[in-house]
Protein chains: 2
Amino acid sequence: MPTVPHIERHFRANEMVRDIVIGMSDGLTVPFALAAGISGAVAATGIVVTAGMAEIAAGSIAMGLGGYLAARTDLEHYNTEQMRENYEIDHMPDKEKEEVADVFRNYGMDDKHIAPILTAMSADRKQWVDFMMRFELGLEAPDPKRARKSALTIGLSYVVGGLIPLSPYILIHSLSTALLVSVVVTLIALFLFGYIKGRFTGLNPLKGGLQTVLVGGLAAAVAFTLARLIG
Amino acid sequence: MPTVPHIERHFRANEMVRDIVIGMSDGLTVPFALAAGISGAVAATGIVVTAGMAEIAAGSIAMGLGGYLAARTDLEHYNTEQMRENYEIDHMPDKEKEEVADVFRNYGMDDKHIAPILTAMSADRKQWVDFMMRFELGLEAPDPKRARKSALTIGLSYVVGGLIPLSPYILIHSLSTALLVSVVVTLIALFLFGYIKGRFTGLNPLKGGLQTVLVGGLAAAVAFTLARLIG
């Protein structure tokens, strides 16, 4: 995943908010749909809680570690490409200059205006490499410390999100009542989550709320129907 | 999520491959861990299959629709920012020119070399906006048709991935044998998947294979232990 460039004036959600959104949107949806699905096939809340907790453990680890590895891979990819750009500048500087020129030609600039850019660029190795990384390859230098923080944030958000639909099955003995409470509580939570997410990402909050309710509701309805057909 | 820039010479996985990777890595991991987890708490394969199928339905819909909405949101975000850049160029062109100049100043260029860039840039409105979108905000124009294709690819990859760990429970009557076969088959599948993914993304395939085995294995082990403690 490419990282978000640093020079941003317009609003963009910061990285921690994005990690919370990633973890919580799946955490609210999948354990909810799974618990509702199993409710369609079993007779007691015990197995729903067991399966739900197993899902929350599996999902949070898979998403958290997945996020960790993705961030590490981004970093390795960046370093590999940076080494390659350095190599190319050493061994074929003219070709690299042509690539810089091509970037500016794409924006309708004449070669006579591009020449001084090439001179300025080639005077500073580090800036030249940075330019190639960003403008030719579209890569930003990732934060080396991000992987661990990101993994924890995603994983914990998944657990918090997943405990919301599951808690009625833990607290209420009657399966049908627990299912009903879980559906109501989770649809409200999904709406609030989508609403707040919409505000953070600059989209229409009402639309954001309805979208997350739709995804969660549809996933739960299909899981419920399928489990009832099989179970 | 920012999309990957188009002008890329070095190897990067294409969008469809990335969607398959997104869907299949979670599809192989979470249903595997869930099924193994439930196996630690129940006595028959029936409930494992029911819960596993409910999870595959829930996960594929949540991830597929999630991918659809993310792509739509990217598109809306791009269009909103594009309108804002157009507005700013109309109403405060000098400020926008300063922002273009700042981009190049960051690369150590003199104002006398930046001036002709500004002249060329402001002569073509569309190119000017494109430049601001890409180099100031780091946004690429998303493919409007991508959302639907992306949703289907992610969802189907999740289903295919999820059926691999689940099929032993469908085909084998003995729970302990099914669990064993599922663990062996899925760890092999996770290794092959990580290996191939590593080749596609240009990383060390062996390392990629071991990483996905580690994530899947850890998620399954924790889910199994937790379910056994609760169940």
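Only a predicted model underlies this, so the values are computations on that prediction, with no experimental measurement involved.

A. Geometry of the side chain of Ser157(B). Mapped onto the elements, Ser157(B) comes out in helix 6 (residues 146–171). Within the structure, the side chain of Ser157(B) is placed 2.6 Å from the backbone oxygen of Thr153(B), a separation counted as a polar contact.

B. Examining the interface of chain B and chain A more closely. Across the contact, 77 residues belong to chain B and 77 residues belong to chain A. Here chain B packs against chain A, burying approximately 6500 Å² in sum over the two surfaces, 70% of which is carbon and sulfur. At the boundary of chain B and chain A, one finds two salt bridges. Put simply, Glu76(B) and Lys207(A) hold a salt bridge, and the shortest N to O gap is 3.1 Å. Linking chain B with chain A are two residue pairs in polar contact (both at pLDDT 80 or more). Of all the elements in the fold, those that place two or more residues in the side of chain B that touches chain A are helix 1 (15–39), helix 2 (45–91), helix 3 (93–105), helix 4 (111–122), helix 5 (125–136) and helix 8 (205–230) of chain B. Counting residues per element, the side of chain B that touches chain A draws most heavily on helix 2 of chain B, which supplies 22 residues. For the side of chain B that touches chain A, the per-class residue count stands at 45 nonpolar, 15 polar and 17 charged.

C. Structural context of the packing of helix 8 (residues 205–230) of chain A against helix 2 of chain B. The contact between helix 8 of chain A and helix 2 of chain B brings their axes to 8 Å, and the two run at 160°. Taken as axis vectors, helix 8 of chain A and helix 2 of chain B run roughly antiparallel relative to one another. The two elements helix 8 of chain A and helix 2 of chain B meet at a crossing, and its hand is right-handed. Here helix 8 of chain A contributes Lys207(A), Gln211(A), Val215(A), Leu218(A), Ala219(A), Val222(A), Ala223(A), Leu226(A), Ala227(A) and Ile230(A) to the contact with helix 2 of chain B, which in turn contributes Val49(B), Thr50(B), Met53(B), Ala54(B), Ala57(B), Ala58(B), Ile61(B), Ala62(B), Leu65(B), Leu69(B) and Glu76(B). Here the residues of the contact of helix 8 of chain A with helix 2 of chain B sort into 17 nonpolar, two polar and two charged.

D. Just the pattern of salt bridges, in detail. Per the stated rule, a full pass over the model turns up 18 salt bridges over all chains. One salt bridge in this structure joins Glu81(A) and Arg84(A), with 3.7 Å as the shortest N-O distance. Residue Glu81(A) and its partner Arg84(A) are both found in helix 2 (residues 45–91); the two are separated by three residues, about one turn of the helix. Salt-bridge contacts for Asp130(B) lead to Lys126(B); the nearest nitrogen and oxygen are separated by 3.0 Å. In this pair, Asp130(B) and Lys126(B) both sit in helix 5, four residues apart, roughly one turn of the helix. For Lys126(B), a relative accessible area of 58% corresponds to the exposed category.

Quick notes on the rules
Sequence order as written defines the numbering, with residues in each chain counted from 1. Each chain gets a letter, beginning with A, and each ligand a number, beginning with 1, in the order they are written. Confidence filtering applies because this is a predicted model: local features only for residues at pLDDT of at least 70, side-chain atom pairs given and counted only at 80 or more, and all residues used for totals across whole chains, interfaces and linings. In computing side-chain properties, one takes all heavy atoms of the structure into account and sets aside hydrogens as well as water. Strands here mean DSSP runs of E at least two residues long; helices mean DSSP runs of H or I at least four residues long; both are numbered from the N terminus. The term polar contact refers here to a pair of N or O atoms within 3.5 Å; inside protein, the definition further demands a hydrogen-donor-capable atom paired with an acceptor-capable atom, and it admits residues adjacent in sequence only when both atoms are side-chain atoms. Here, residues are in contact when the closest pair of their heavy atoms is within 4.5 Å. What counts as buried area is the accessible surface, traced by a 1.4 Å probe, that two parts surrender upon association, with contributions from both included. In the sections that follow, a salt bridge refers to a side-chain nitrogen of Lys or Arg positioned within 4 Å of a carboxyl oxygen of Asp or Glu. For this classification, Asp, Glu, Lys and Arg are treated as charged, while Ala, Val, Leu, Ile, Met, Phe, Trp, Tyr, Cys and Pro are nonpolar and the rest, including Gly, are polar. Angular values range over 0 to 180 degrees, each being the angle between N-to-C directions of two axes fitted as lines to C-alpha atoms, with helices fitted over their stretch in contact. If an angle is under 35 degrees, it is roughly parallel; if it is over 145, roughly antiparallel; if it lies from 65 to 115, roughly perpendicular; otherwise it is oblique. Here is the rule for handedness: rotate from the far helix to the near one, and if that takes an anticlockwise turn smaller than a right angle the crossing is left-handed, while a clockwise turn gives right-handed. Each residue is assigned to one of three classes by its accessible area relative to the maximum for its type, calculated with a 1.4 Å probe on protein chains only: buried under 20%, partly exposed between the two thresholds, exposed over 50%.

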